[in-house]
Structure formats: structure tokens, C-alpha cells
Amino acid sequence: MSENNTNLSIIACIVIVIAILLVAFTLPVTELIDENEIAVIKINGDINYINSTNVDYIENGIKDANDNPNVKAILIEVNCKNGSLVASEEISKMIKESNKTTVSWISDYGLSEGYLIASSADIVIATPSSAIGGIGISFEDSTKYSNKKISGHYDSSLINKNIKSSNLNPQEMINQDYSYFIKLIAKNRGLKASYISKIANSKVYNGNEALKLKLIDKIGDKEKAIKITASKANIKEYRIVYYPQDQSTKLTTFLNNKWNL
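Residues numbered from 1 in each chain as written. Predicted model: local features only at pLDDT ≥ 70, side-chain atom pairs only at ≥ 80, totals over all residues. Heavy atoms only, no water.

**Side note on the packing of aromatic side chains**
Link 1 in the chain: In the structure shown here, the tally under the stated rule is 0 aromatic pairs.
Link 2 in the chain: Directly above the aromatic system of Tyr-109 lies the positively charged group of Lys-81, at a separation of 4.5 Å from the ring centroid. (Phe/Tyr/Trp six-rings, centres within 6.5 Å; stacked < 30°, edge-to-face > 60°. Lys NZ or Arg CZ within 6 Å of the ring centre and 35° of its normal.)

Below is the structure:
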């Protein structure tokens, strides 16, 4: 082979590699995968904008899954004790407005704001020994705003901003937030706020108790949750994909599906 032919072959290989990379990094996931998917989105730790669980990361996962026509259902894997009411409601709203079948699976914890998010799905599943409910549990450090023990739910960021300017005292503000929180969960579960209020007050239940109280719909491990999700979406063949996907995962998916590399 002449030197010119060798150089042309090298250039051609480089062009092909660049083309593959451009396609993989510019096309949405929808163009890279041609089989049914169940998107799994993990939500671990406190839910807020700055600490353990990043709201933007979760929301990007939900958005990516919603935008991908190959995703037939979304499984929200919840392991959360509490967090910001504002952040949790934001995520909850995205789940409720999703154009996909949504199922939540509570592993160890689905407490307070974590439970609010879980309750937003079409179906809520939990393990028998999981800790569920704890509605109002995240107000525990609110005693620093009062000389007496206060009960109810609050978002500390709102208290900090408004405690000096609001005409309401801290207790009234906490009561309002708590009442609002109860109504959100009642709406998610199709239950009366008065009923949720009776079983709230930071009480924690295991999976079996939560099922009896209608806080969840089914008992099961993750494998069962995935099977229920697939059944709900009316699919038999599918693959599990964790969202959001990073660019390297998209490239690997592209190569595997298009060239069987």
C-alpha cells in the first residue's frame, strides 16, 4: 500500500470516529436506543438544593426520561428522611405531570418530604421493613424559633426569610406549612386531609402498617417493583436504564446498539 493510501485510510478512520462521537454527543437518547426502557431515578438523602440530593440532577433525570419515547415507565427509587418542602414539591409536581407511567419504590426510608415525593407516583410500593410516613418529622429543630415544643411541619428557609417581616408568629407559620403539607399528600393519595392528619404528626410506620393505612399500594422488593412497573406500562421486554445518563453512557449505549461493539 502506498504512503498516500495509508494516509487516506488514517484520515478516513479519524473522520469516522469523529462522526460517531458527534452523533453520540449531539443526538438525544431517543435516537440512540430502539428498545423499551424502564427509567430508574434514585432519590437518596435529604432533598434540597445544596446538600445530599441535588434537585437539578433529579429533575434532569425526569425530564430526560419524559423526552425519550423509548422510556415506557419511570421507577422512582426513594430512600429519604426529609428535606425542603419547596424542593420536594417541585419534584413531586414533575412526577405527577410526567407523560409516562410512574411508580415509586421505598427502600429503607420514605419519610416526610421523601414520602411526599413517593406519594406522587401512580403506584407506591415499599418493602415490609421500610420506614414510611413521618409526616411532619422534619420540623424537629424548629424549637429554636420558640420557647416551647412546636408541632407541625415547616420549611426552615421560609422561616428564616420571614420571621422578622411577617405578621405571623413562628408557630402560626409552621401550622400553615404543616396544613399545606397534609393537603398535598392527601391529594396525591386520593384521601381526605382529615384522615392524613390523624395518621400524621411524625408517626412512622413499617411497610405492612402503611399498606393498611393506604399510604402505599403494594409490598415488595425492587425486583417486584420493576415487574409491577413493566406490567403497568404493558411491556414484557425491556431494559433498565438509570437516569439521568451522562455523555459517556450515551456513547456506550450508541455503540452497543448500533454497532454491537
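**So, the environment of Gly-207**
Link 1 in the chain: Considering the arrangement of structural elements, one finds Gly-207 in helix α8 (residues 207-212).
Link 2 in the chain: Linking Gly-207 and Ser-129, residues 78 residues apart in sequence, is a C-alpha distance of 5.7 Å.
Link 3 in the chain: Not counting chain neighbours up to four residues away, the residues in contact with Gly-207 comprise Thr-127, Pro-128, Ser-130, Ile-132, Ile-216 and Ile-219. (Helix = DSSP H or I, 4+ residues; strand = E, 2+ residues; numbered from the N terminus. Contact = heavy atoms within 4.5 Å.)

**Here's the deal with the packing of helix α3 (residues 85-96) against helix α6 (residues 170-189)**
Between two packed helices, what matters for the description is the angle formed by their axes and the separation of those axes.
Link 1 in the chain: Their axes nearest at 12 Å, the elements α3 and α6 cross at an angle of 20°. Here α6 runs roughly parallel to α3, going by the angle between their axes. Handedness of the α3/α6 crossing: left-handed. Every residue of α6 that contacts α3 at Leu-85, Glu-89, Ser-92 and Lys-96 is listed here: Asp-177, Tyr-180, Phe-181, Leu-184 and Asn-188.
Link 2 in the chain: Of the residues that constitute the contact of α3 with α6, the class distribution is 4 nonpolar, 2 polar and 3 charged. (Axes fitted to C-alpha atoms, helices over the stretch in contact; angles between N-to-C directions. Parallel < 35°, antiparallel > 145°, perpendicular 65-115°, else oblique. Left-handed = near helix turned anticlockwise from the far one by under 90°. Nonpolar A, V, L, I, M, F, W, Y, C, P; charged D, E, K, R; others polar.)

**What about the nonpolar core?**
Link 1 in the chain: Counting 44 residues, the largest nonpolar core has Ile-43, Ile-76, Ile-91, Ile-106, Ile-135, Ile-196 and Leu-215 as the members making the most contacts within it.
Link 2 in the chain: Mapped by element, the contributors of at least two residues to this core are β1 (37-44), α2 (55-67), β4 (71-80), α3, α4 (113-118), β6 (123-126), α6 and α7 (193-199).
Link 3 in the chain: For this core, the element with the most residues is α6, which contributes 6 residues.
Link 4 in the chain: With sequence-adjacent residues up to four places away left out, Ile-91 is seen in contact with Ile-43, Ile-47, Val-55, Ile-58, Glu-59, Ile-62 and Ile-117.
Link 5 in the chain: Among the nonpolar cores identified, the runner-up in size contains 14 residues, and Val-40, Trp-105, Ile-123 and Ile-125 belong to it. (Core = buried A, V, L, I, M, F, W, Y, C linked by side-chain atoms within 4.5 Å. Buried < 20%, exposed > 50% of the residue type's maximum accessible area, 1.4 Å probe, protein only.)

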